[in-house]
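Below are the chains, spelled out letter by letter.
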Amino acid sequence: MFTASEHLHGWLVYGGGAVLGLLCWWYLLIKLPVKPIRSLLFGAMVGALCMPWPTEDGGQFFAPAWLIAGSDGLFDGADAFWRAGTPLLMAIAGAAMVALIIQIAFSIKADSQQKASATVKRARERSDKQRAGASTV
């Protein structure tokens, strides 16, 4: 098996690759016109790439859950997939929901800022009209 140091180095390399992959994924999603779908898909990918799971029952070493679920399902049968597959699907769903909630919160904040700036703009226009009217009298 691997030593703890080798395991840590493996996770560091995987983490770097995951960050690079997420940047590429975000670049691909920029082309989508609907922002909530973009953040939903990005959140799902973050959940899929970042969920660790023990390599064996009661083991001290972890690996990406998608890798464990895939290898268990491929080599040990479809029932073994769910050992890591269930938490993986929950992580994907949870990360997608969090990303969607954050997107909704940002859009609500942006809408309120647009309304506030429009109100300020109308107030400035009214005061400018009043000043112009007062100066002509």
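All values derive from a computational prediction rather than experimental measurement.

The next subject is helix α2 (residues 35-50). Think of an α-helix as turning once every 3.6 residues; residues three or four places apart then point the same way. Compared with the 22 Å implied by 1.5 Å per residue over 16 residues, the 22 Å span of α2 between its first and last C-alpha is a close match. Along α2, the residues classified as buried are R38, S39, G43, A44, G47, A48 and L49.

Turning next to the pattern of salt bridges. It is possible for side chains bearing opposite charge to pair when their charged atoms get close. The final tally for this structure, using the stated rule, is two salt bridges. Among the salt bridges present, the one from D57 reaches R83, with a minimum N-O distance of 3.4 Å. Taken together, the residues span a long stretch of sequence, with D57 in the loop between β1 (52-54) and β2 (62-64) and R83 in helix α4 (residues 78-136) at a distance of 26 residues. For the salt bridge of R83 with D72, the shortest nitrogen-to-oxygen distance reads 3.0 Å. In this pair, R83 sits in helix α4 while D72 sits in helix α3 (residues 65-76), placing the two residues 11 residues apart along the sequence. Judged by relative accessible area, which is 10%, D72 ranks as buried. Taken together, the shared-partner salt bridges connect D57, D72 and R83 into one network.

The next thing to look at is the side chain of S39. When you line up the elements, S39 lands in helix α2. Residue S39 is classed as buried on the basis of its relative accessible area, which comes to 9%. Of note is the side chain of S39, whose polar atom sits 3.2 Å from the backbone oxygen of P36. In this structure S39 touches A99, L100 and Q103, once residues within four positions along its chain are discounted.

Another aspect to go through is the layout of surface pockets. Of the pockets and cavities examined, the largest pocket occupies roughly 220 Å³. Only α1 (4-29) and β2 provide two or more residues apiece to the lining of the largest pocket. Grouping the amino acids of the lining of the largest pocket by side-chain chemistry returns eight nonpolar, three polar and one charged.

This part is about the environment of G43. Tracing the backbone shows G43 in helix α2. The class of G43 is buried, set by a relative accessible area of 5%. Placed 48 residues apart in sequence, G43 and A91 show a C-alpha to C-alpha distance of 9.6 Å. G43 has contacts with A95, A96 and A99, leaving out every residue within four places of it along the chain.

In a regular helix each residue adds 1.5 Å, so 26 residues correspond to 38 Å; α1 covers 36 Å between its end C-alpha atoms and thus fits that length. Taken together, the buried positions of α1 are H7, A18, L22 and L29. Where α1 is buried, its residues meet α2 and β2.

One pass over the structure, following the stated rule, counts three aromatic pairs. Aromatic pair W26 and F42: ring centres 5.1 Å apart, planes at 75°, arrangement edge-to-face. Highlighted residues: W26 in helix α1 and F42 in helix α2, separated in sequence by 16 residues. Residue class for W26 comes out partly exposed when judged on its relative accessible area of 34%. Taking 4.8 Å as the distance between ring centres and 85° as the angle between the ring planes, the aromatic pair formed by F81 and W82 counts as edge-to-face. Here F81 falls in the partly exposed class, since its relative accessible area comes to 27%.

Analysis parameters
Residues numbered from 1 in each chain as written. Predicted model: local features only at pLDDT ≥ 70, side-chain atom pairs only at ≥ 80, totals over all residues. Heavy atoms only, no water. Helix = DSSP H or I, 4+ residues; strand = E, 2+ residues; numbered from the N terminus. Expected span 1.5 Å × (residues − 1). Buried < 20%, exposed > 50% of the residue type's maximum accessible area, 1.4 Å probe, protein only. Salt bridge = Lys/Arg side-chain N within 4 Å of Asp/Glu carboxyl O. Polar contact = N/O pair within 3.5 Å; in protein donor to acceptor, adjacent residues only side chain to side chain. Contact = heavy atoms within 4.5 Å. 1 Å grid on protein atoms, 1.4 Å probe; cavity = no way out; pocket = protein on both sides within 12 Å on 5 of 7 lines; lining within 4 Å. Points joined across faces, edges and corners; volume = space filled by probe spheres on them. Nonpolar A, V, L, I, M, F, W, Y, C, P; charged D, E, K, R; others polar. Phe/Tyr/Trp six-rings, centres within 6.5 Å; stacked < 30°, edge-to-face > 60°.

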